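Secondary and tertiary structure notes
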Amino acid sequence: MLTIQKIQIYGFGKHENITISLSDGVTIFYGLNEAGKTTIQQFILQMLFGFPIRQQTLRKYEPKVSTKYGGQLTLLHPIYGQCTIERVKGKATGDVSVYLENGATGQEELLAKLLYGYSRASFESIFSFSLHELQGIEKMSEEELTHLLLASGTTGIQHLSALEKKMDKEANELFKKTGKVPVINQKIEQIKQLERTIKQEQGKIQTFEDKLQQLQLLEQNLEQLYDTQKMQQQQWQQLTIQKQALPLIKQQQTLQQSLDNYQHVQFPPEGIRRYEQLKDRLLHESQQLIQLKEQYQTLQDKVLAIVDEQTVDKMSRLMQKEATWHQLMVKEQNLRDDLFMLEQEIEAQFRLLGVQENEAQENLVGETVSLQQEQQFQLQLSKLEEAEEELKFHLRSLEQVHLELDAIAQQKQRLVQESLTNEEEHILAQWPQQKRKLEQLRAIKSQRTKQQQPHYFIWLVLLIGLLSLAYGLFEKNMAMTFIGGILSLLILLYIRYVRQADEPGSKEHGYLLRELEQEEMTVQAVLLKKQRYEDRWLHVNEQQKEKEQQYVQLEYKIQQTELESEEATQALQLFLKRYRLQGTIARTLMPELFMRIRNVQELAVKRNSTLSLLQDVQVEKKSIYEQLQQVLNGAYNENEIYMYLRTTYLEAQQRQQQALQTKDQLASLKIKINGGQSTMDRYTAEMTQLFSEAQVPNEQAYYEMYEQFEQQRKITTELQAIQTQLTSLNLPQQVNLVEDAVLEGKLALEQEQSSLQLEIDRCLEQRAALLIEKEQLLNDEKYGQLLQQFEQEKTELQQLIEQWATKKAVATAIHETLFRLREEKLPHVLSKVNAIFRLLTGGRYDKLSIHDEGYFVAQDVAGIRYQMAELSQATKEQAYIALRMSLAQTLVNSAPFPIIMDDPFVHFDRNRTDKMVQLMKEVGYERQILYFTCHDTMLKHWQKEQIVDIGALANERGVAST
């Protein structure tokens, strides 16, 4: 497979001088938003396929700061081995250089061979996809979704499908069978309309004379109709005026009757406005007066709560003693600490001395400790120590002797175990008799040995014969060989016969001799053991007696030493009783006893002095504290009492200032209250005056009188208006008008006017049409223009038909090509997609296939089929990814590129995300996968060495490797 081993960025977007080493399998590029993930992804694509040109909408990622632009990709190619692609700023797509492992170099042509002839578009259509391609997938129609899945499942079909749609769209814009908007449809309709218009123009040319006579008759008829219409308009005006006057007359009569029903009413001018204004002012003044009185009462309460001057003066004097108070507090705490430390030290010294009772402690503090007494104490202590040392020495010696006696007893026990056994005693008892037999057998053996001494000569002769035989054979001397052989044979026969004669007796005596000699050795070993046992036993008994004598002597010495030690101890105890020291004093402390007693006495003196100073400080502090409690009127913590005094003192000063301000405010409020009361009295008098003018006793009657006054004024005003309108109508006999007669006359006149107007309009339309036809017939150029326009439209229609036929033919050819691609390539892809789709959906869906009508269908494990539009967004995305992955698997030999993914499955749930991770790991064995993500939940699925932290790269500007 083709893998990217190293990414080296000179300058690209926000990245500069960064090197990333990659390995086979899956690499996770992790970073937050704007960390530069897309920048690295685009860097890989642009290094392979070139920088975007101006006509493209892609971003070039030129660095803002660095002057370097470009970088390197190190690849491991299955054919060319390790190679490096370097692209830097230069021509439109950049200057590219390719360096192969064998030293060869090249440019675009060699790069195209490395990339198997793939362009960026074809590469991205198969091996690179992101979340942006899947956004909006849930809003696609069935046809759009099928095209998307087909494009993901067959390489090249996406561009052909887009071209097919473009051709179909352009063809439909030209012509539709039942359409009205397409250009050809509109052009055909225009040509049909022109044919009808031309036929009409041909008939109009023959009717010119008839139209002139019709125009003359219409002119005469119109004059008569206009005269009649003028007379009807005058009658209409009269009837309209009469109709307008009828309701006015009725209203005038009604209002006059209502006016007669009201008596003469008097009411002050603008009475309501004046009254309500006074009422509002009175209410406002009343509320203000209430507020002023409440403020006045509140201020009076504040004045009563002010502290007296004497208390403030006491607080001021005590505030001056704050520093003294804090000094006393610190001094008291220090003295308490010193006293506590002294008490602890004295108590520790008493514990060391063993003095626990208070009486004994007081007695020890007052006891005299002179140098003579210390010298006498040291003398008694020395005697005691000497006696104890001697006692310890004797005890150690006694213990050593006791241990040696125990060792001797154990040694004797071991010797008893090493004594002779019964069998050994039996052997010693039988040995004298066996010894005599052994001596006899040795004597017999000695005699036989003497008899067998001549045999040495025989052995010598045998040796000479053998040597003669060997020499004769070696020298090939037959005489020597014969003599040697005969001599050797004779000697061997002699030895054999002599041995056979002596052998029975010698074997029996030899066997018995060996037994007795072995028994002799055993007896000697037993005798040696017995001798050693007796010697050691004697030596051990002598040692035991010696140690027992030493033990008795040491016991006597210990008794004497114990008596001496007891006498010295009693003398020392009698000496210590003078100081009331109880219990046993540690021997290590006895030499320091008098020094510690003197130290206790010195500490007691310091304690008494410190206690006296503490009492003086407490008395002074208590005096100040009582004064503070008296001023603050309460008990407070000693550490916080001056804080409360300071707060209380400041509050008292503020209250004094407030008291002065409050008195001034009380005087001001008093003036305002008096002024407000006067204003309220004046408003009340004015309201009473209004009631008097209206001749009413109270407010309710005042408003009722106002309503009557307003009604009377309104009726009078309406009557005046009606009279003015009737006067403007100029009616001579208004009283004699009958409403029914006026309405009937007006209705009849309206009908006559309508009929007359219709007739006039019909005549005008006929005249206008005749005039137009007359002008058109006089100017007969339109007919020729229509014929010319008709021919031009036919030519344009023919051109549009040719364009439509061309686009339709292209679309049909593309459709057939797509069908062939789908029929030939897609089955091979679908043979691999089912396993991937089943894995990604967690086994929920079993199969992904194409319906007979050309639509994708998903089949679940129960056999139920679903159209793609019926699936969830995540399942649609899984189908899309499954087709992409299966297509990549089919191209594993012809295009072994890495797969680049930019967060394409963020909508997956946890289970399906795990399945996708499993798929990525499986695909990673045959292809390199570069996965870009901003979600840290994906990191737990991968090893640390598989993760590239882009944020760390941006911060460090260094080298990172997976």
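Quantities reported herein were computed from a predicted structural model and do not represent experimental measurements. (Residues numbered from 1 in each chain as written. Predicted model: local features only at pLDDT ≥ 70, side-chain atom pairs only at ≥ 80, totals over all residues. Heavy atoms only, no water.)

1. Description of the overall build of the protein chain
Stated precisely, the cut-off is as follows: Put simply, DSSP H or I for four residues or longer makes a helix, DSSP E for two residues or longer makes a strand, and each gets a number counted from the N terminus. Throughout this description, buried means an accessible area under 20% of the type-specific maximum (1.4 Å probe, protein chains only), exposed means over 50%, and partly exposed covers the range between. Only heavy atoms matter for contacts: two residues are in contact if any of them lie within 4.5 Å across the pair.
The number of helices and strands found in the protein chain is 25 helices and 15 strands. Within the protein chain, the proportion of its 962 residues that are buried is 36%. Considering only contacts within the protein chain whose residues lie at least 6 apart along the sequence, 75% involve residues at least 24 apart.

2. Brief notes about the packing of aromatic side chains
Aromatic rings considered in pairs are described by the distance between their centres and by the relative angle of their planes. The condition is simple: Note on aromatic pairs: the rings of Phe, Tyr and Trp (six-membered ring only in Trp) are paired at centre separations within 6.5 Å, and the planes decide the class, stacked below 30 degrees, edge-to-face beyond 60, tilted for the rest. Note on geometry: a ring has a charge over it if NZ (lysine) or CZ (arginine) is within 6 Å of the ring centre and within 35 degrees of the ring normal.
For the structure on display, the rule yields 15 aromatic pairs. Ring centres of Phe 51 and Tyr 69 lie 4.4 Å apart, and the angle between their planes is 20°; this geometry places the pair in the stacked category. You can see Phe 51 sitting in the loop between helix H1 (37–49) and strand S4 (70–77) and its partner Tyr 69 sitting in the loop between H1 and S4, a full 18 residues away along the chain. Residue Phe 51 shares its accessibility class with Tyr 69, and that shared class is buried. Taken together, the aromatic side chains of Phe 49, Tyr 116, Tyr 118, Phe 123, Phe 127 and Phe 897 make up a single cluster linked through ring pairs. Positioned above the aromatic ring of Trp 942 is the side chain of Lys 921, whose terminal nitrogen or guanidinium carbon lies 5.4 Å from the ring centre.

3. Points about the confidence of the model for the protein chain
The condition is simple: The predictor's confidence in any single residue is recorded as pLDDT, a number from 0 to 100.
When pLDDT is averaged along the protein chain, the result is 76, and 80% of the positions lie at 70 or above. Contacts for the low-pLDDT stretch residues 152–157, under 50 throughout, to residues beyond four places or in other chains number 18 contacts. Of the regions scoring below 50 in pLDDT, residues 958–962 engages in 18 contacts with residues more than four places distant in sequence or in other chains.

4. Some remarks on the sheet that holds strand S11 (residues 865–867)
The criterion, for reference: Note: two strands are recorded as paired if DSSP finds a minimum of 2 bridges between them. Axis geometry follows a simple rule: fit a line to the C-alpha atoms, using only the stretch in contact for helices, then measure angles between N-to-C directions, giving values from 0 to 180 degrees.
Sheet architecture is open: three strands sit in the order S9-S10-S11, paired in antiparallel fashion. A single partner strand is all that each edge strand has here, and the edge strands are strand S9 (845–850) and S11. Each adjacent strand pair in this sheet contributes to an overall mean axis angle of 30°, direction not counted. The sheet contact formed by strand S10 (residues 856–860) and S11 spans three bridges and is antiparallel. Looking across to S11, one finds that Val 857 is bridged to Gln 867.

5. Notes on the pattern of salt bridges
Condition: What counts as a salt bridge is simple: a side-chain nitrogen of Lys or Arg found within 4 Å of a carboxyl oxygen of Asp or Glu.
Evaluated as defined, the whole model comprises 10 salt bridges. One salt bridge connects Glu 62 with Lys 60, and the closest N-O pair in it is separated by 3.6 Å. Judged by relative accessible area, which is 36%, Glu 62 ranks as partly exposed. Here Lys 547 ties to Glu 404 by a salt bridge, and the two come within 2.5 Å at their closest N and O atoms. Of this pair, Lys 547 sits in helix H16 (residues 478–577) while Glu 404 is found in helix H13 (residues 371–417), placing the two residues 143 residues apart along the sequence. Residue Lys 547 is classed as buried on the basis of its relative accessible area, which comes to 18%. Taken together, the salt bridges that share partners define one network made up of Glu 332, Arg 336 and Lys 621.

6. Quick notes on the side chain of Thr 39
Here Thr 39 is to be found in helix H1. With residues up to four places along the chain from it excluded, the contact list for Thr 39 reads Phe 12, Gly 13, Lys 14, His 15 and Tyr 61.

7. Thoughts on a negative patch on the surface
Quick reminder of the rule: Patches were defined on residues exceeding 30% relative accessible area and lacking a salt bridge, with like-charge contacts within 9 Å and nonpolar side-chain contacts (Val, Leu, Ile, Met, Phe, Trp, Tyr) within 5 Å. Using a 1.4 Å probe, accessible areas were evaluated by the Shrake-Rupley method; residue-level cover was limited to the displayed protein chains. Neither His nor the chain termini are counted; the positive set is Lys and Arg, and the negative set is Asp and Glu. Charge placement uses NZ in Lys and CZ in Arg. For Asp and Glu, CG and CD serve respectively.
A surface patch of like charges, here negative, comprises Glu 390, Glu 562, Glu 564, Glu 566 and Glu 567. Of all the elements, H16 adds the most residues to the negative patch, at four residues.

8. Some details on the nonpolar core
General note: in soluble globular proteins, nonpolar side chains tend to be found buried as a group. Let me state the cut-off plainly: Put simply, a nonpolar core is a bunch of buried Ala, Val, Leu, Ile, Met, Phe, Trp, Tyr and Cys residues held in one set by side-chain atoms that sit within 4.5 Å of each other.
One finds Ile 7, Phe 29, Phe 127 and Met 916 to be the most contacted residues of the largest nonpolar core, which totals 82 residues. Sort the elements by how many residues they give to this core and helix H23 (residues 873–890) lands first, with nine residues. For Phe 29, the contacting residues outside a window of four places in its chain are Ile 7, Ile 20, Leu 22, Lys 37, Ile 40, Leu 930, Tyr 931, Phe 932, Thr 933, Val 948 and Ile 950. In terms of nonpolar packing, the next biggest core, distinct from the first, is built from 21 residues, Met 315, Leu 318, Met 319 and Ala 652 among them.

9. Remarks on the sheet that holds strand S14 (residues 947–949)
Sheet strands pair via backbone hydrogen bonds, and the direction of the pair is either parallel or antiparallel. The strand order S8-S12-S13-S3-S14 describes an open sheet built from five strands, whose pairing is parallel. Edge positions in the open sheet fall to strand S8 (128–130) and S14, since each of these has one partner strand only. Within the sheet, the average angular offset between the axes of one strand and its neighbour, ignoring direction, is 15°. Here S8 pairs with strand S12 (residues 899–902) via three bridges, running parallel. If you follow Ser 128 over to S12, its bridge partner there is Ile 900. Along the sheet, helix H3 (residues 120–127) contacts S8 and S12; its crossing angle with S8, the most-contacted strand, is approximately 60°.

10. Concerning the packing of H23 against helix H24 (residues 910–923)
The test is simple: An angle counts as roughly parallel when it lies under 35 degrees, as roughly antiparallel when it exceeds 145, as roughly perpendicular when it falls between 65 and 115, and as oblique in every other case. Residue polarity is assigned by list, with Asp, Glu, Lys and Arg as charged and Ala, Val, Leu, Ile, Met, Phe, Trp, Tyr, Cys and Pro as nonpolar; anything else, Gly included, falls into the polar class.
H24 packs onto H23 with a crossing angle of 5° between their chain directions and a minimal axis gap of 12 Å. In this view, H23 runs roughly parallel relative to H24, as classed from their interaxial angle. For the pair formed by H23 and H24, the contact residues are Thr 875, Gln 878, Ile 881, Met 885 and Gln 889 on the first element and Arg 912, Met 916, Leu 919 and Val 923 on the second. Across the contact of H23 with H24, the residue classes break down as five nonpolar, three polar and one charged.

11. Details of the side chain of Arg 87
This is how the line gets drawn: We define a polar contact as two N or O atoms separated by no more than 3.5 Å, with the added condition that, inside protein, one atom must be a possible hydrogen donor and the other a possible acceptor, whereas residues neighbouring each other in sequence contribute only through side-chain atom pairs.
Along the chain, the position of Arg 87 falls in strand S5 (residues 81–88). For Arg 87, the side chain forms a polar contact with the main-chain oxygen of Met 47, separated by 3.2 Å.

12. What about helix H18 (residues 641–694)?
Counted only if it meets this: What a helix should span is 1.5 Å times the count of its residues minus one.
Given a rise of 1.5 Å per residue, 54 residues ought to cover 80 Å, and the 74 Å separating the end C-alpha atoms of H18 matches this to within 8%. One or two positions beyond H18, positive phi appears at Gln 695, with a value near 60°.

13. Focus on H1
If you check H1, its first and last C-alpha atoms are 19 Å apart, about what 13 residues at 1.5 Å a residue would give, namely 18 Å. In terms of residue burial, H1 counts as a mostly covered element, since 12 of its 13 residues are buried. Listed as buried for H1 are Lys 37, Thr 39, Ile 40, Gln 41, Gln 42, Phe 43, Ile 44, Leu 45, Gln 46, Met 47, Leu 48 and Phe 49. Two residues or fewer after H1 comes Gly 50, characterised by a positive phi angle close to 100°.

14. Structural notes on the pairing of strand S6 (residues 95–99)
Side chains of S6 alternate between two faces, with Val 96 and Val 98 buried and Asp 95, Ser 97 and Tyr 99 left unburied. Here S5 pairs with S6 via five bridges, running antiparallel. Residue Ile 85 lies in a different strand from S6, and its bridge partner there is Val 98. A loop of six residues connects S5 with S6, the two strands running antiparallel in sequence, and Gly 94 in this loop sits at a positive phi of about 95°. The pairing of S6 with strand S7 (residues 105–106) spans two bridges and is classified as antiparallel. Directly across from Tyr 99, in S7, lies its bridge partner Thr 105. In textbook terms, the turn of a hairpin is the stretch between consecutive antiparallel strands, and for S6 and S7 this stretch comprises five residues, one of which, Gly 103, has a positive phi near 100°.

15. What about unusual backbone geometry?
Phi is positive for Asn 17, which is not a glycine, with a value near 55°. Mapped onto the elements, Asn 17 comes out in strand S2 (residues 15–21). Taking relative accessible area as the criterion, Asn 17 reaches 42% and is therefore assigned partly exposed. In this structure, Tyr 61 takes a positive phi of about 60° despite not being glycine. Along the chain, Tyr 61 turns up in the loop between H1 and S4. By relative accessible area, which is 10% here, Tyr 61 ends up buried.

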